[in-house]
Amino acid sequence: MIGLISATAAGAAARDRLAAAWPERTRVYDGPVADAVRRAFAECEQLVCFLAAGAVVRLVAPLLGDKASDPGVVCVDEGGRYAVALLGGHGGGANELAREVGESLAAEPVVTTATDAVGIPGLDTLGLPYEGDVAAVTRALLDGEPVALEREVAWPLPPLPLGAEGAHRVRVTDRAGEPAAGEVWLRPPTLVVGVGASKGAPVEEVLGLISRTLQDAGLSPRSIAELATVDAKSEEPGIVGAAARLGVPVVTYPAEELADVTVPNPSDAPLAAVGTPSVAEAAALVGGGELLVPKRKSERADGLPAMATCAVVRRPGRGRLAVVGLGPGARDLLTPRAKAELRRASVLVGLDQYVDQIRDLLRPGTLILESGLGAEEERARTAVAEARKGQAVALIGSGDAGVYAMASPALAEASDDIDVVGVPGVTAALAAGAILGAPLGHDHVSISLSDLHTPWEVIERRVRAAAEADIVVTFYNPRSRGRDWQLPKALGILAEHRAPETPVGVVRQASRPDESSRVTSLGELDPAWVDMMTVVTVGNTATRNIAGRMVTPRGYRWQEASR
């Protein structure tokens, strides 16, 4: 919960705007300001104070405890011009909160944390448990000193200025141990602990078994990703309680699925009890990986039979491929999610001219793999190959990457050995539609007129189907120097079913500095106006030119009744 505090009418106005924007996330604290800050500091994970920075410093100073537990505090001036991350930039999330507040209130976020200022990801912001001397290693990174990266397990990380050698070290490991001076250990969630338990097995017995097993194997409990078991044990208190104490989820599988997993130590007892010859080993292995610790039973001080078993598997680190749509070109039409993925990626793959659009958004150290027109399949293969190395990869395309762009060739190359994330973008059809008016107000279709990969016979059949169905059509890739007959042919097909006065919109370089547009008609459109940087939208029989804008009625009954 985010506590909101203000002292004046101006501050309250901005406070109320934020409360209205985030009703589920915020709580307004009224009353005397000092008391409000004190209560919010104790009750909330974060605070936004609409007060002078000096006042906030004096109010929170007596309340400070530890940077690991203090809430993040953002200070917004009463004019609503700046959102300052004042306290708990990383640990309390104030840096990100300042950016969110700035986005919501149209204020300038002010972040003074050194790593954020120079574009280096903070080692405590990577989403992984960490141990060691974060301050010393971060200082070395900021001072440009060599810092070594040691990956004992593959895990996708954002770009960090790390090398093979250095007096300081970042180690990615699931092994137990204590970092030496000048080291930071990152704990990726690579360990799956398969657990079996008899009915009524105590939490302490299950938890004690897991702890001893990991300790004997030299593995860190902070790298446990999940406890895995059979469906029949999904509500077993000992397993559920152990998972809660460890802070990890319980993942369950049907007995039939576990019975198909080959394990080194099958047993008749679980087969009779739950229908599979193995629970602990099979549940740990069902998702693949290396069996580090075979099935092991708990030990009871009272001499009674063991009530719990466990096995430990290390699953390989999965690379991450984000397929990112950059939108039509304007920076303000690039989504916040796309920006976040670009900054998260350690490897960027894209067409050279698209890379140039967003190069300034990348973190220092991002590996850029760019190529020219015509190398789409090569870029797709490259992006997938880099993800399979355990990297965090962003593959970029214009508009929406799933619309005539890089998502389909990349996903055709990818298999289930990597994680794939799609980041939508504003398409050229949508950007052009907004410029033209509302041409896509009813059913519509996009058709590419490029026959480089699709035979013209197929394209023509699709254009004819759209014409006969009276659907608004947006043509992508309508005309180039080497392809100058396809657009007239497509327009001719539409003209067989639509009147010459049917509105047509032509938009070139939508949302970019040299944008141009015009609304004309099917009978008056000159194909010479069109090139590969243009989209052409042809209305249906209901589309009208109203005050110079294309409008396709939605067909609401109340509209019909009012005519």
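Quick summary incoming for the structure in this document. (Residues numbered from 1 in each chain as written. Predicted model: local features only at pLDDT ≥ 70, side-chain atom pairs only at ≥ 80, totals over all residues. Heavy atoms only, no water.)

**Quick look at the overall build of the chain**
Phase 1: Counting secondary structure elements, the chain contains 19 helices and 28 strands.
Phase 2: Looking at the 563 residues of the chain, the share that counts as buried comes to 46%.
Phase 3: Of the contacts made within the chain by residues no fewer than 6 positions apart, 65% connect residues no fewer than 24 positions apart.
Phase 4: Accessible surface for the chain amounts to roughly 26,400 Å². Of this, 52% is attributable to carbon and sulfur atoms.
Phase 5: Taken together, the 56 basic and 71 acidic charged side chains of the chain have centroids lying 2 Å from each other. (Helix = DSSP H or I, 4+ residues; strand = E, 2+ residues; numbered from the N terminus. Buried < 20%, exposed > 50% of the residue type's maximum accessible area, 1.4 Å probe, protein only. Contact = heavy atoms within 4.5 Å. Areas by Shrake-Rupley, 256 points an atom, 1.4 Å probe, with all protein chains shown as cover. Lys, Arg positive; Asp, Glu negative; His and termini not counted. Charge placed at Lys NZ, Arg CZ, Asp CG, Glu CD.)

**Concerning the packing of helix α7 (residues 203-217) against helix α8 (residues 237-246)**
Phase 1: One can describe the packing of α7 onto α8 by two numbers: an axis separation of 8 Å at closest approach and a directional angle of 55°. Classified by the angle between their axes, α7 and α8 sit oblique to one another. As α7 runs across α8, the sense of the crossing is right-handed. Contacts between α7 and α8 involve V203, E204, V206, L207 and I210 on the former and, on the latter, P237, G238, I239, G241, A242, R245 and L246.
Phase 2: Taken together, the residues of the contact of α7 with α8 break down into 8 nonpolar, 2 polar and 2 charged. (Axes fitted to C-alpha atoms, helices over the stretch in contact; angles between N-to-C directions. Parallel < 35°, antiparallel > 145°, perpendicular 65-115°, else oblique. Left-handed = near helix turned anticlockwise from the far one by under 90°. Nonpolar A, V, L, I, M, F, W, Y, C, P; charged D, E, K, R; others polar.)

**Let's talk about a negative patch on the surface**
Phase 1: Taken together, the side chains of D231, E256, E257 and D260 define an acidic patch exposed on the protein surface.
Phase 2: Inspection of the secondary structure assignment puts D231 in the loop between β12 (224-230) and α8.
Phase 3: For D231, a relative accessible area of 35% corresponds to the partly exposed category. (Patch = residues over 30% accessible without salt bridge, like charges linked within 9 Å, V, L, I, M, F, W, Y side chains within 5 Å. Salt bridge = Lys/Arg side-chain N within 4 Å of Asp/Glu carboxyl O.)

**Quick notes on the environment of R343**
Phase 1: Structurally, R343 is set in helix α12 (residues 336-344).
Phase 2: Residue classification places R343 among the partly exposed residues on the basis of a relative accessible area of 30%.
Phase 3: In this structure the C-alpha to C-alpha distance between R343 and S298, which are 45 residues apart in sequence, comes to 46 Å.
Phase 4: Contact partners of R343, with chain neighbours within four places excluded, come to G119, P158, P159, L361 and R363.
Phase 5: At 3.4 Å, the side chain of R343 and the backbone oxygen of L361 are in polar contact. (Polar contact = N/O pair within 3.5 Å; in protein donor to acceptor, adjacent residues only side chain to side chain.)

**A short note on the sheet that holds strand β9 (residues 168-172)**
Phase 1: Sheet architecture is open: 4 strands sit in the order β7-β10-β9-β8, paired in mixed fashion. Each having just a single partner strand, β7 (130-132) and β8 (147-151) make up the two edges of the open sheet. For this sheet, the mean angle separating the axes of adjacent strands, direction not counted, is 15°.
Phase 2: With 4 bridges joining them, β9 and strand β10 (residues 183-186) adopt parallel strand pairing. Looking across to β10, one finds that V172 is bridged to L186.
Phase 3: Against the sheet, helix α6 (residues 134-142) engages β7, β8, β9 and β10, with an angle of about 115° to β9. (Pairing = 2+ DSSP bridges.)

**Details of the nonpolar core**
Phase 1: Counting residues in hydrophobic clusters, the biggest one holds 22 residues, and the most contacted among them are V193, I210 and L227.
Phase 2: Looking at this core element by element, the count peaks at 5 residues for α7.
Phase 3: The next biggest cluster of nonpolar side chains, apart from the first, holds 21 residues, and it includes I447, L449, A466 and A490. (Core = buried A, V, L, I, M, F, W, Y, C linked by side-chain atoms within 4.5 Å.)

**Notes on the pattern of salt bridges**
Oppositely charged side chains may form a pair once their charged atoms are brought near each other.
Phase 1: As enumerated under the stated definition, the model contains 34 salt bridges in all.
Phase 2: Note that E236 and K233 form a salt bridge whose closest N and O atoms lie 3.8 Å from each other. The exposure classification of E236 matches that of K233, with both residues buried.
Phase 3: Between E460 and R464 there is a salt bridge; the shortest N-O distance is 3.3 Å. Linking E460 with R464, this pair stays in helix α17 (residues 456-468), spanning 4 residues, or about one helical turn.
Phase 4: Assessed through its relative accessible area of 26%, R464 is described here as partly exposed.

**Some points on the packing of aromatic side chains**
Phase 1: Taken as a whole and assessed by the stated rule, the structure comprises 2 aromatic pairs.
Phase 2: Between Y404 and Y476 the ring centres are 4.7 Å apart and the planes differ by 50°, which places this aromatic pair in the tilted class. Of the two residues, Y404 is situated in the loop between β19 (392-397) and α15 (407-413) and Y476 in strand β23 (residues 472-476); the sequence distance between them amounts to 72 residues.
Phase 3: Residues W456 and W485 carry aromatic rings whose centres are separated by 5.0 Å and whose planes lie at 70° to one another, so their mutual orientation is edge-to-face. You can see W456 sitting in helix α17 and its partner W485 sitting in the loop between β23 and α18 (486-495), a full 29 residues away along the chain. (Phe/Tyr/Trp six-rings, centres within 6.5 Å; stacked < 30°, edge-to-face > 60°.)

**A short note on the side chain of S278**
Phase 1: Note on placement: S278 falls in the loop between α10 (268-274) and α11 (280-285).
Phase 2: Among the polar contacts made by the side chain of S278, one reaches the main-chain amide nitrogen of A282 at a distance of 3.1 Å.
Phase 3: In contact with S278, other than residues within four places in its own chain, are L258, V263 and P270.

**Details of the packing of helix α1 (residues 9-21) against helix α4 (residues 94-105)**
Phase 1: The contact between α1 and α4 brings their axes to 10 Å, and the two run at 100°. The orientation of α1 with respect to α4, classified from their angle, is roughly perpendicular. Here A14, R17, L18 and A21 of α1 come into contact with α4, specifically with V101, S104 and L105.

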